[in-house]
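These are the residues of each chain, in order.
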Amino acid sequence: MEGANSPDLQLQQLPPTSMAVPDNASFSYKENLIGALLAIFGHLVVSIALNLQKYSHIRLAGSKDPRAYFKTKTWWLGLFLMLLGELGVFSSYAFAPLSLIVPLSAVSVIASAIIGIIFIKEKWKPKDFLSCGLAIIGTYLLVTFGPNSHEKMTGENITKHLVSWPFLLYMLVEIIVFCLLLYFYKEKNVNYIVVILLLVALLGSMTVVTVKAVAGMLILSIQGNLQLDYPIFYVMLVCMVATAVYQAAFLSQATQLYDSSLIASVGYILSTTIAITAGATFYLDFIGEDALHICMFALGCLVAFLGVFLITRNRKKAVPFEPYISMDAMPGMQNLHDKGMTVQPDLKASFSYGALENNDNVSEIYTPATLPVMQEEHGSGAISAPPYRVLEHTKRE
């Protein structure tokens with residue numbers, strides 16, 4: 001009887017064991033989907049918020065409204081949506097792997113380009129639609145073939161990863177590279193855009209690593225598994241704030257030297273690449289993934305990189321036409337425009353232009369501002385005088 005009963009017992013135990021793996025797999029894919037949707041929603045809302053604030057500035061500049069931008073309802077609505085979007089992106093790190101969430105920031109670039117056409121009436125060319133299509137395809141590949149590793153962000157797990165030798169080696173290399181770049185940037189004045197954005201990307205990789213740890217521990221605490229009594233939570237929180245602040249400082253310096261579209265494309269590529277490397281080293285995102293999924297994920301990154309680069313390159317601002325007479329320049333100063341010499345308007349005389357007086361003893365001769373004026377030779381040892389000077393006008397009866 002015992003021999004007859006043992007096969008039955010084995011048959012009864014096999015179905016629950018075989019069903020456990022698909023349940024865990026479906027649960028992990030569900031978490032991936034939740035995290036990806038939160039990230040896409042957050043980046044989309046942030047793009048809408050930025051365009052609302054941009055629309056508020058444009059509307060105030062084109063009207064005679066004396067109000068400041070922060071006194072308009074549109075600007076405050078944009079600020080509220082921005083905070084909501086950032087909250088969505090922050091929450092997404094608690095559900096999906098870091099290497100999946102970081103590249104989804106391409107959604108922000110795509111959404112900003114599309115919203116700019118609809119609301120701000122920006123002009124687009126056919127190649128812009130191709131660029132958006134590439135970015136969308138890359139985003140789809142990222143979500144479909146993203147890493148599927150899920151680990152509870154408990155204090156013990158985070159501490160274990162923090163002292164692991166792969167991450168310690170990665171941190172050593174990153175600190176050395178960061179110090180070298182900072183030395184060349186500060187001491188040698190090497191202010192190439194790649195140098196500055198590499199500094200931003202290295203700091204950003206630490207920011208996203210700490211954001212995932214803080215977000216995951218907060219979500220676990222809300223679910224009932226309190227993690228706020230671990231010191232590692234506050235260490236991660238301080239590192240998150242510090243790296244974010246210094247990252248914003250270097251990014252602000254980059255915007256003062258280079259075009260924003262170039263910063264957006266190069267910064268996205270560098271930051272995403274280094275952040276994925278940090279996530280794969282700290283959280284072991286790609287452990288257990290097969291070669292096909294890794295290759296398709298890498299292909300999705302490359303396609304998204306290409307799409308974002310083409311979008312930002314096509315959105316560069318055109319150089320505005322510089323008038324011959326710059327109204328905001330100092331009155332009476334000479335400017336060179338188009339190989340000719342012009343004179344700024346004398347603002348004291350209500351739209352009356354300055355008169356030119358030759359250096360000889362002839363009475364006042366008024367000549368057009370664009371005519372070249374030859375400088376007269378003076379005797380030896382004399383200091384040459386300027387070719388003309390601006391006179392004050394008075395009305396004569």
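Thresholds, definitions, all that
Residues numbered from 1 in each chain as written. Predicted model: local features only at pLDDT ≥ 70, side-chain atom pairs only at ≥ 80, totals over all residues. Heavy atoms only, no water. Helix = DSSP H or I, 4+ residues; strand = E, 2+ residues; numbered from the N terminus. Expected span 1.5 Å × (residues − 1). Buried < 20%, exposed > 50% of the residue type's maximum accessible area, 1.4 Å probe, protein only. Polar contact = N/O pair within 3.5 Å; in protein donor to acceptor, adjacent residues only side chain to side chain. Contact = heavy atoms within 4.5 Å. Core = buried A, V, L, I, M, F, W, Y, C linked by side-chain atoms within 4.5 Å. Axes fitted to C-alpha atoms, helices over the stretch in contact; angles between N-to-C directions. Parallel < 35°, antiparallel > 145°, perpendicular 65-115°, else oblique. Left-handed = near helix turned anticlockwise from the far one by under 90°. Nonpolar A, V, L, I, M, F, W, Y, C, P; charged D, E, K, R; others polar. pLDDT = per-residue confidence, 0-100. Phe/Tyr/Trp six-rings, centres within 6.5 Å; stacked < 30°, edge-to-face > 60°.

A short note on helix α8 (residues 193-222)
Within an α-helix, residues lying three or four positions from one another point in the same direction, as the helix has 3.6 residues per turn. The terminal C-alpha atoms of α8 lie 42 Å apart, and with 30 residues this matches the ideal 44 Å at 1.5 Å per residue to within 8%. With 25 of its 30 residues buried, α8 lies for the most part within the structure. Gly 224 lies just past α8 and shows a positive phi near 115°.

So, the side chain of Thr 281
One can find Thr 281 in helix α10 (residues 260-282). A polar side-chain atom of Thr 281 sits 2.8 Å from the main-chain carbonyl oxygen of Thr 277. In this view, Thr 281 contacts Pro 166, Phe 167 and Tyr 170; residues no more than four positions away in its chain are not counted.

A few points about the environment of Val 190
Here Val 190 lies in the loop between α7 (165-186) and α8. Judged by relative accessible area, Val 190 falls into the partly exposed class, the value being 21%.

With respect to the nonpolar core
Among soluble globular proteins, nonpolar side chains are generally buried collectively. Of all hydrophobic cores here, the largest spans 47 residues; its most connected members are Tyr 93, Leu 98, Ile 158, Met 236, Phe 250, Phe 282 and Tyr 283. When contributions to this core are tallied by element, the ones reaching two or more residues are α1 (2-61), α3 (98-101), α7, α8, α9 (231-257) and α10. When residues in this core are grouped by element, the largest group, 17 residues, is from α8. With residues up to four places along the chain from it excluded, the contact list for Phe 282 reads Ile 158, His 161, Leu 162, Phe 167, Val 209 and Met 236. Formed by 15 residues, the second largest nonpolar core is a distinct cluster that contains Cys 132, Leu 142, Val 308 and Ile 311.

A few points about unusual backbone geometry
Phi angles above zero are rare outside glycine, and Asn 189 is one such case at about 55°. Mapped onto the fold, Asn 189 is located in the loop between α7 and α8. At Leu 284, a residue that is not glycine, the phi angle is positive and equals roughly 55°. Assignment of secondary structure puts Leu 284 in the loop between α10 and α11 (291-314). A relative accessible area of 35% means that Leu 284 is categorised as partly exposed.

Some points on the packing of α8 against α9
At a minimum axis separation of 8 Å, α8 and α9 run at an interaxial angle of 150°. In this view, α8 runs roughly antiparallel relative to α9, as classed from their interaxial angle. The element α8 and its partner α9 pack so that their crossing is left-handed. The residue makeup of the contact of α8 with α9, split by class, is 23 nonpolar, five polar and no charged.

Some details on the confidence of the model for the chain
Of all residues in the chain, 69% have pLDDT values of 70 or greater, and the mean over the chain is 76. In the predicted structure, residues 1-24 sits below a pLDDT of 50 and forms zero contacts with residues beyond four places in sequence or in another chain. Within the model, the stretch residues 392-397 combines pLDDT values under 50 with eight contacts to residues more than four positions away or in other chains.

Some words on the packing of aromatic side chains
Under the definition given, this model contains nine aromatic pairs. Taken together, a centroid distance of 4.6 Å and an interplanar angle of 80° make the contact between Phe 167 and Phe 282 edge-to-face. One end of the pair, Phe 167, is in helix α7; the other, Phe 282, is in helix α10, and 115 residues separate them in sequence. For the pair Phe 167 and Phe 282, a shared accessibility class is recorded, and that class is buried. Ring geometry for Tyr 183 against Phe 184: centres 5.5 Å apart, planes inclined by 70°, an arrangement best described as edge-to-face.

Observations concerning the packing of helix α4 (residues 106-118) against helix α5 (residues 126-144)
Axis separation between α4 and α5 bottoms out at 10 Å; the angle between their running directions is 150°. Of the possible angle classes, the one that applies to α4 and α5 is roughly antiparallel. The handedness of the crossing between α4 and α5 is left-handed. Residue-level inspection shows Ala 106, Val 107, Ile 110, Ala 113 and Ile 114 of α4 in contact with α5, the latter providing Cys 132, Ala 135, Ile 136 and Thr 139. The residue inventory of the contact of α4 with α5, partitioned by class, reads eight nonpolar, one polar and no charged.

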